[in-house]
Amino acid sequence: MKQNILPAIRLTIVCMVFFMGVYTLIIWLPAQAAPGKGKGETVMANNRIVGWKLLGQKFTDDQYFWSRPSVVDYHADGSGGSNKGPTNPDYLKQVQDRIDTFLVHNPGIQKTDIPSDLVTASGAGLDPHISVQGAYVQVKRVASARSISEAKVKALVDQHIEKPLLGLFGTERVNVLQLNIDLESLK
Amino acid sequence: MLCIDKARKILNQSQVIMTTEIAGIIFMYVLTVALAIPLGRYIGRVYEGDKTWLDKILHPLDKIFFKLSGINPAKEMNWKQHLMALLTINLVWFILSMLILMNMSWLPLNPDGNPSMPADLAFNTTVSFVSNTNLQHYSGETGVSYLGQLTLMLFQFISAATGMAACVAVFMAMKERTTENLGNFYNFFVKSCTRILLPLAIVVALILAFNGTPMNFEGKAQYISMQGDTVHVSRGPAAAMIAIKQLGTNGGGYYGPNSAHPLENPNYLTNIVENISIILIPIAMVFALGYIIKRRRFAWMVFGVMTLGFFLLLFNAVYNEMHGNPMIGQMGISQPLGSMEGKEVRFGPAASAYWEVTTTVTSNGSVNAMHDSFTPLAGMSALLGMMVNSFYGGVGVGYLNFYIFIIIAVFISGLMVGRTPEFLGKKIEAKEMKIAALIALLHPLLILAGTALASYLFAHNPSAYADWLNNPGNHGFSEMLYEFTSSSANNGSGFEGLGDNTPFWNIACGTVMLLARFLPIIGPVAIAGILAKKKYIPESAGTLKTDTNTFGVMVFAVIFIVAALSFFPALTLGPIAEFFGMK
């Protein structure tokens with residue numbers, strides 16, 4: 001113990017300087033050249049910042065495509081998931097309520113067309129995406145709320161489908177914020 | 001007719017998704033192994049002191065470390081000296097961490113004005129990070145300052161390196177020779193930090209930073225959303241920490257929801273990079289073993305057993321998650337992706353289940369989806385991964401756990417054929433077996449006794465502890481079982497619905513983490529040290545071969561029996577009962 005304590009303290013101090021200081025700098029410096037300069041990339045529309053590129057935000061108006069449910073209401077300074085178990089009765093009732101609400105706002109839509117991502121909360125409560133099916137199923141509502149033809153809205157959704165990585169790996173999805181920004185300029 | 005068309009379209013579409021999702025996880029695994037084999041050779045060379053291509057830069061750096069610390073890295077140590085050095089420096093870290101976490105509020109680098117931790121939470125967090133567990137009873141955005149985050153990041157380097165150094169001492173003891181000298185702890189420790197963790201961390205952190213993960217010191221940002229809500233965004237030096245959290249099988253996230261957070265894990269590419277980082281070094285360590293003791297076949301046997309176990313858990317998890325939650329299926333909506341509660345669309349259920357299994361078999365504990373919301377049997381895969389805790393396992397310590405199972409398997413095989421059990425030319429006798437048996441039983445004891453205590457308290461006073469559980473019934477039991485399993489496996493993931501920031505959970509889990517970290521390091525190092533001193537007996541016709549498939553099956557059987565027999569009753573009360581209750 002005795003012959004170890006001094007080297008232990010000295011080595012700890014060296015590690016603090018190097019891994020808290022030098023290592024952090026080694027990452028911080030090149031990050032200044034990254035998009036957003038390491039501060040986070042924002043998205044502009046109509047000359048103002050309307051969001052962050054990577055972060056989902058709350059969309060509940062009928063004229064917008066809705067984001068997924070979020071238990072933290074899309075607060076990006078206190079993110080989190082529901083942590084509800086798959087058989088929890090309260091949770092299942094909540095999902096049922098979301099389905100009912102969705103059907104009320106989307107007349108003419110079959111229940112079987114609603115994909116589960118639209119009625120379940122995401123892991124961090126900040127999911128920027130919905131599934132492709134989740135976008136298609138909202139086309140009718142958005143089109144009628146904006147009095148634009150469904151075909152045009154659907155074409156816009158098609159433009160916003162993000163393919164799997166290299167077309168091979170992962171999921172297809174739609175970024176809700178980007179879609180809604182472009183929706184604003186659709187005539 | 002239209003209906004059929006539509007159904008076919010959806011089916012087609014979901015098949016495409018399924019294929020790309022499955023392709024994604026196969027790609028990840030193949031790439032991981034392809035990287036781990038050369039990395040293993042590199043790691044072997046580093047510890048043996050052979051030449052490597054990074055020497056030019058890193059020789060001088062190591063020299064500075066040793067010079068400033070007054071350490072002679074060439075001084076040989078026996079197993080007891082190794083352990084003394086390891087335990088002493090860990091004690092220093094414990095004190096350092098307690099001091100910082102309890103005083104963060106007034107120390108520098110606190111732009112968001114986050115508070116200091118109370119003693120019980122600081123104890124839990126300190127033990128958690130010193131022990132390489134990274135169980136988090138606080139939330140990153142609101143619970144620690146940037147200085148706190150950087151301190152925790154420091155522990156992600158040095159606690160990982162501690163495990164690796166202990167593991168290398170065991171490697172050195174397994175060589176064909178009789179010796180007391182197992183190399184120098186500080187030498188292995190510093191080289192693990194500077195030559196293995198650091199270069200990889202720099203690469204991963206830069207990939208993350210260039211994909212949008214924050215790396216700044218400026219405090220929260222603010223914006224007004226399209227619907228007019230004011231939103232605050234937490235940021236900070238995240239990229240640096242996330243890289244090492246994955247590589248060192250630490251798992252402690254920068255943000256509360258860990259790598260499910262879009263800033264912590266921005267897209268499918270970063271998901272691949274982070275997920276590979278989780279199991280890269282644990283697999284590479286196995287190949288490093290083959291290099292150091294010059295027994296490639298033995299390393300492949302170890303790799304084979306680990307991989308078999310990993311695949312079994314993986315199939316179960318991926319199948320169940322992609323299948324969706326039957327209770328939601330009954331509501332009449334479609335589940336084209338699968339079970340989506342607690343998951344992110346950019347990853348989907350397959351990549352989430354793959355992450356779930358990799359993070360629990362390796363004692364990493366970072367998550368990209370909420371484990372509490374997984375379907376029951378997929379949740380059981382996570383539990384089993386941590387209960388076995390040696391299918392790849394944590395950096396360094398995973399192999400130490402596996403070593404215990406090998407010793408037991410050698411002993412049982414020896415008894416079965418009526419010979420003195422020998423392992424790599426060394427006789428295994430009563431003393432080593434006693435240590436091995438105690439360490440093998442420690443893990444079930446800590447988990448089951450802890451869960452029993454918590455269940456007892458909850459059952460006898462459900463109103464006082466009502467805030468503990470986020471879910472009723474069997475799933476609530478699983479939440480408690482998971483918390484103790486995660487603590488004892490030094491994993492750090494959670495069924496996060498558990499209201500765990502209370503004195504009971506902070507202290508109980510802290511104690512479990514402490515015991516489950518250091519005893520399973522002391523045990524294998526002691527066994528290896530004792531064996532190394534024994535006379536080396538050259539192989540003969542009567543020697544039990546430990547690099548064969550037969551022996552691999554034997555080790556797997558030992559693992560299966562120890563894990564299944566000890567934990568099956570608890571699993572029956574938790575996930576299995578929940579599964580059968582669903583229909």
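Residues numbered from 1 in each chain as written. Chains lettered and ligands numbered in written order. Predicted model: local features only at pLDDT ≥ 70, side-chain atom pairs only at ≥ 80, totals over all residues. Heavy atoms only, no water.

What to know about the overall build of chain A
Phase 1: Each helix and strand in chain A was counted, giving five helices and five strands.
Phase 2: Put simply, chain A runs from its N terminus to its C terminus through helices and strands in the order α-β-β-α-β-α-α-β-β-α.
Phase 3: Over its C-alpha atoms chain A spans a radius of gyration of 23 Å, topping by over 25% the 16 Å that the globule rule assigns to 187 residues.
Phase 4: Its C-alpha atoms give chain A principal-axis dimensions of about 80 × 45 × 35 Å.
Phase 5: In chain A, buried positions account for 56% of the 187 residues.
Phase 6: Summarising the internal contacts of chain A: among those between residues at least 6 apart in sequence, 56% fall at separations of at least 24.
Phase 7: Taking the average place of the 20 positive charges on the side chains of chain A and the average place of its 17 negative ones, the gap between the two points comes to 8 Å. (Helix = DSSP H or I, 4+ residues; strand = E, 2+ residues; numbered from the N terminus. Rg over C-alpha atoms; globule rule 2.2 N^0.38 Å. Buried < 20%, exposed > 50% of the residue type's maximum accessible area, 1.4 Å probe, protein only. Contact = heavy atoms within 4.5 Å. Lys, Arg positive; Asp, Glu negative; His and termini not counted. Charge placed at Lys NZ, Arg CZ, Asp CG, Glu CD.)

With respect to the overall build of chain B
Phase 1: A count of helices and strands for chain B gives 18 helices and four strands.
Phase 2: Relative to the globule expectation of 25 Å for 583 residues, the C-alpha radius of gyration of chain B, 24 Å, shows essentially globular dimensions.
Phase 3: Seen along its three principal axes, the alpha-carbon backbone of chain B occupies a region of about 75 × 55 × 50 Å.
Phase 4: Per-residue burial for chain B yields a buried fraction of 66% across its 583 residues.
Phase 5: Of all intrachain contacts in chain B linking residues separated by at least 6 positions in sequence, the fraction that spans at least 24 positions is 78%.
Phase 6: For chain B, the accessible surface area stands at approximately 19,400 Å², while carbon and sulfur atoms represent 68% of it.
Phase 7: For chain B, the distance from the average site of its 35 positive side-chain charges to the average site of its 32 negative ones is 14 Å. (Areas by Shrake-Rupley, 256 points an atom, 1.4 Å probe, with all protein chains shown as cover.)

Description of the domain arrangement of chain A
Phase 1: Examined at the domain level, chain A breaks down into domain 1 (1-39) and domain 2 (41-184).
Phase 2: Between domain 1 of chain A and domain 2 of chain A, the C-alpha centre-to-centre distance is 41 Å. (Domains from an automatic or database assignment.)

Focus on the packing of helix α16 (residues 473-488) of chain B against helix α17 (residues 503-533) of chain B
Residue and element names in this part refer to chain B.
Phase 1: Put simply, α16 and α17 touch, their axes get as near as 7 Å, and they point 40° apart. Contact with α16, carried on its side by Met480, Glu483, Phe484, Ser487 and Ser488, involves Trp505, Ala508, Cys509, Val512, Met513 and Ala516 of α17 and no other residues of that element.
Phase 2: Among the residues making up the contact of α16 with α17, the classes are represented as eight nonpolar, two polar and one charged. (Axes fitted to C-alpha atoms, helices over the stretch in contact; angles between N-to-C directions. Nonpolar A, V, L, I, M, F, W, Y, C, P; charged D, E, K, R; others polar.)

Observations regarding the interface of chain A and chain B
Accessible area lost upon the coming together of the parts is a frequently used measure of interface size.
Phase 1: Facing the 97 residues of chain A at the interface are 112 residues of chain B.
Phase 2: When the two sides are added together, the surface that chain A and chain B hide from each other amounts to roughly 8,700 Å², 66% of it contributed by carbon and sulfur.
Phase 3: On the chain A side of the interface with chain B, the three residues burying the most area are Phe19, Tyr23 and Asn83 of chain A, jointly 8% of the side's total.
Phase 4: The tally of links between chain A and chain B comes to two salt bridges. (Buried area = accessible area lost by both parts, 1.4 Å probe. Salt bridge = Lys/Arg side-chain N within 4 Å of Asp/Glu carboxyl O.)

Structural notes on helix α15 (residues 430-460) of chain B
Phase 1: The first and last C-alpha atoms of α15 of chain B sit 43 Å apart over 31 residues, in line with the 45 Å expected at 1.5 Å per residue.
Phase 2: The principal kink in α15 of chain B, of about 30°, is found at Leu442 of chain B, preceding the proline Pro444 of chain B by one to four residues. (Expected span 1.5 Å × (residues − 1). Bend = angle between axes of the 7 residues up to and from the residue.)

What to know about the nonpolar core
Phase 1: Membership of the largest hydrophobic core comes to 260 residues, with the highest contact counts inside it found for Tyr23 of chain A together with Tyr47, Phe189 and Tyr399 of chain B.
Phase 2: At 20 residues, helix α6 (residues 146-173) of chain B tops the list of elements feeding residues into this core.
Phase 3: Two domains share this core, each providing at least three of its residues, namely domain 1 (1-39) and domain 2 (41-184) of chain A.
Phase 4: Residue contacts for Phe189 of chain B: discarding those within four places in its chain leaves Leu11 and Cys15 of chain A together with Trp93, Ile158, Ala161, Thr162 and Ala165 of chain B. (Core = buried A, V, L, I, M, F, W, Y, C linked by side-chain atoms within 4.5 Å.)

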